[in-house]
Structures are given as structure tokens and as C-alpha cells.
Amino acid sequence: MRDKLAAAARELVQTYGVSLLDDPERLGQLLEGECGSEYRREIFILSFALREILKKEGGVPSDAELENCMDGTVSRLHDNLGFSRDDALWAAGAILEILSGGSDDGRRDQRDQIEARRGFLEDMERVNEMPKHPRTASQRKKAFRNGFLLTGITILFFLLFVRITDSYITLTDEHRILFLGHLSGQGAAAWHVSLKGSQLAADQINALGGVKSRPIHLYAHDISRNPDTAAESLSELLRSGGVTAIISACGGEVNAAMAKVADTRETPLIVTKSGLIAATMEAQDRPWLYSFRISCDNNYLGEAIAYFLSQGLKIGRGVSLIRDIRKSAAETAASFEEAFRQSGGDLLYSAASGAQDGIRASDASEMISRRSEAVIMIDVSGGSAARSGGLLRELGYKGYIIEALGEDNTGEGDGKWRITSASPDDPQLQSFKTSYLDKYNEQIPEDDFVGAVLAYDAVIWLADAIYRAPGFQGEALRHALLSTRNLALTHATLTIDPRTHSPWNKALALAYRKGGAWKFQKRFRPK
């Protein structure tokens, strides 16, 4: 395997010249294109070893210079980079082999250049000896058109080159990620938990060497809950440049306002909690170019509720719906009603409720008197769902209660089902909980668990996109995020739907509340 990689590196140096070794990252990207992702570890070792040699020697050494100090080079790679002795020996030997194999084509002396120039002049003399014909006006016009066309093509290629290199070059030696949340005021503790989740992921990635030899650095900012003010603040933060991407744990309307700023500044924005459609969609059939989400949107959540009712509980009639008055809950409710009707279901009763009060006693009595088999409560805040469920049970309701609370985990009362992005007692999430406890010496509050794990996975997703992207920011990173397919994250496997910039067919968590605690049941996808 390593012999194949060294041979590929020699061929690249012979093709591009020894100057290719001055840019270890470019060499690594070319090698990955030649050999495939299964050589990532070897490419990583070779690139870092070459970087260390360049730093020590002040440039690319000759093969003789490297051979004379081979023992010292191996020791430095072992001591400074933490390579094993075998890895250090292989990396130094491979670079020596590359230098010896690529020196002829990569370094021509001055005499070779003069001889090449002289041959060109001889060809020009033979051209001058050819018979000369008078130019005509049509020939001059043709020459003018050709020259104009050549100039236009040259300008086009120059602009394309500037566009590509602009996405590849960073202003700093780190990946700067803005973390935006409502870090002050009422409920700020929840956003601080999300921030800690994202910082945990960044620290773990940096401990492994960062992404493409650069660490991830999170810059947290407190963003206003007012959408217009939040958009102005983000625009100011992006004015100086140098930001790789944005992770937002803010509310839905705020994300929708910031999506326009992200498009204007060509900076990718990842939404972690909001299901509001406008956070990633500029219009019904047109997504914002630079906005993505790791949480499910409200349309998908509504379809998941309908699927669980018709396929999981086998309920096709006698269903009542109670929802919060806010826009996000209205979107989920509309999607649910449409999907439930298409499955042959019959909606018995529907009512809207404020987040503070829950359903009215008259609504609860109406549902009971009509003998609802199931009551669906769609309430992003979670508080009114807890009060509504308690009221229904107090009045003697014995049927199913299903909560779809977006990404919150509040709520009390036994005998209820919950559909959400993640459940704290899911076995596959226990390692994340342990890592969080080890780092911060505190448990993740149950109410804030989903926000923490989604923020954690957002950083991992972003790091994967940076690694796959041909550049570090802008258009290159946007395309990498958009092309995410079957990425195994902590809470789910992620594939992005290019039509909505939201997860496609992502598994949701189903939990049941019993004994005063939520019990994870399974993960499922609506089909």
C-alpha cells in the first residue's frame, strides 16, 4: 500500500515539478485523488512529515542533503510529530525517494533553458524564410476577431482562477467557526449547553490534528432574538472576512433572517435546532444557497407523526390535534394533516393553543366526548404540552398522547409518546454523554440534550465537509455540505436533500414516558 502511494507521489512530482513539494496540502489532495480515501492515514503522515522537513530546511532539500541527515530527520518526526519509529522512517524514506525520482524534470539548469530558447528562435528564422503574401482587409478583420476572442477567453479563465483560489486561501491558519445563540436573557442556559456540545467536538477534532493541518476555533456570539437585529449583527461579524462557516442554535425566525446574510456573504450557515422552513428555503421551490440544517424541518416532522400513527399505532380515525399558535407548529400541523389524509386517516378535532396556557378545558372535554383514539400535541416550547397532557389525564382521557416538540425535551406526565431527533437514553449516544461529563464535569440536562448533540454533530459534519472540499470556504465548502451522503454522525446518518438543504430520510427517535422518565424505544424513518 505504501509503495503504491510513494510511486504515485513520484509521478506527480515528475508531472508538476519539484515545486509541488513546497505545498504539502496540494500534494496531499492530488494523492488522495490518485489513490483514494483508503490512503488517508498514509497521506496524512507523508504531508506532515514533508511540512516538518520544509520547516527545518527552509525549503525543499536535495536528495543528497536529505540522505545525509536521514537519522536526524527520523528522530525529529518521531519527537516533534509523535510518529511511531516505523511511520517516521517510512515517511522520510518516501520523501527521499520522491526527491531522487523527480529532480530531473523539476530542476532544469540555466543551460537547458537557453537551449530551449535557441531552438525556438531557429524555428522563427525558418518561418521568416517562407514566402510572404500581402495581407488583405478580410485577413486583418479575422485576426482582430481571433485576438478579441482570445482576450475574452483569457479574462474568463483569470476570473475562474480568482474564484477558485479565493475559496482555497484562508486569511488565518485556523478554521474560524461562528457559534451563534441566545446566550443571555431568559433560557440562555440551554444555548450554553449547545455551545459546550459544539466545543467538545472541536476539541476532539483538534486533538487528532485538526482538519487539513488547521485547528477548528469556535467564536461564540450572543445574538438578539429580534430577527432584524440578528441579521445586522451577523453582517457586521462577517464584514472583516476570515470566517469559514456559521453554526446557529437560534430560533427559527432569526435563522430565516440570517440566511439572506449568509447568501450575501457567501458563508455557509448550519442550523441546529429550528425546523422552520424559511431557515433554509428562500421560496417554496428555491433553497437559500448557503443555508443548511442538521435538524429535520417541520414538513418532515409532520410526515413522521402521520407515519407513526398509521403504521406504528395502526390508528386511522378519531385523531385530535392540538398545536401551538406559532408558525413553526403551524407548519408541522399542516404537514401532518396532509400526510395523515393521504394515508386514509380521519382528523376528528383540531385546535390552536398559546404556549403558556395549554389547551382549554373545553377543548379537552370536546376531544374526550368525541372519543378520540389519539391526541397529537405539536408545541415547540414543550411547556403547554405538559399542561395539556396533564389536563387530559385529569379529565379521564385514556387514549394515546403523542408529543412532537421539535428539538426540546421538556414535558411531564406518564403514558405519552414522543417523536424527536434524539433521546438521552439511546444506547448509541452514551459515549457522547460520557465525553461531555468527562470534559465539563456535569451531566447534560435532559431538556437540553437534543440541542447539545445536534450542535456536536454540526461541528463534525462541518469538519467532514472541509476535509472533502477542494477549498476552505465559500463556494467550495457550500458544495461539500450539499453533497453530504450517508455521513455517520453521533445521533443519525446524514444525507442532505439538495431541494431543501435539510436531512433526507433521517431517522427520528421514538420515546415513551413511564415512571417519570422518557424511555427510548427505537429509531424510525417515515416511508
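Note that the structure is predicted; figures quoted are calculated from it, not measured. (Residues numbered from 1 in each chain as written. Predicted model: local features only at pLDDT ≥ 70, side-chain atom pairs only at ≥ 80, totals over all residues. Heavy atoms only, no water.)

This next bit is on the environment of Gly209. Assignment of secondary structure puts Gly209 in the loop between helix 9 (188-207) and strand 2 (216-222). Distance in space between the C-alpha atoms of Gly209 and Leu81 is 10.0 Å, their sequence separation being 128 residues. Those residues in contact with Gly209, other than ones at most four positions away along the chain, are Phe48 and Arg214. (Helix = DSSP H or I, 4+ residues; strand = E, 2+ residues; numbered from the N terminus. Contact = heavy atoms within 4.5 Å.)

Moving on, we get to the pairing of strand 3 (residues 245-248). Every second residue of strand 3 is oriented toward a common face, with Ala245 and Ile247 on one face and Ile246 and Ser248 on the other, all of them buried. Pairing of strand 1 (residues 175-181) with strand 3, which is carried by 4 bridges, proceeds in the parallel orientation. Within strand 3, the residue paired with Phe179 across the bridge is Ile247. Note: strand 3 against strand 4 (residues 269-271), 3 bridges, orientation parallel. (Buried < 20%, exposed > 50% of the residue type's maximum accessible area, 1.4 Å probe, protein only. Pairing = 2+ DSSP bridges.)

Among the structural elements, Lys416 can be located in strand 12 (residues 416-420). A polar contact is formed between the side chain of Lys416 and the side chain of Glu403, at a distance of 2.4 Å. (Polar contact = N/O pair within 3.5 Å; in protein donor to acceptor, adjacent residues only side chain to side chain.)

Strand order across the open sheet formed by 7 strands is 9-8-10-11-12-17-18, with mixed pairing between neighbours. Strand pairing shows two members of the sheet lacking a second neighbour, strand 9 (347-353) and strand 18 (517-524), which therefore form its edges. Pairs of neighbouring strands in the sheet enclose a mean axial angle of 20 degrees, with direction left out of account. Relative to strand 18, strand 17 (residues 508-514) runs antiparallel, the two being bridged by 7 bridges. Counted as the bridge partner of Tyr512 is Lys519 from strand 18. Lying on the sheet, helix 12 (residues 298-312) is in contact with strand 8 (319-324), strand 10 (374-378), strand 11 (400-404), strand 12, strand 17 and strand 18; it crosses strand 12 at an angle near 140 degrees. Docked against the sheet, helix 13 (residues 327-342) engages strand 8, strand 9 and strand 10, running at close to 160 degrees with respect to strand 8. (Axes fitted to C-alpha atoms, helices over the stretch in contact; angles between N-to-C directions.)

At their nearest, the axes of helix 2 (residues 24-35) and helix 3 (residues 40-57) sit 9 Å apart, and the two run at 160 degrees to each other. It follows that helix 2 is roughly antiparallel to helix 3 by the angle criterion. Crossing of helix 2 against helix 3: the hand is right-handed. Residues Pro24, Glu25, Leu27, Gly28, Leu31 and Glu32 of helix 2 form the contact with helix 3, whose own contacting residues are Arg40, Ile43, Leu46, Ser47, Leu50, Arg51 and Leu54. (Parallel < 35°, antiparallel > 145°, perpendicular 65-115°, else oblique. Left-handed = near helix turned anticlockwise from the far one by under 90°.)

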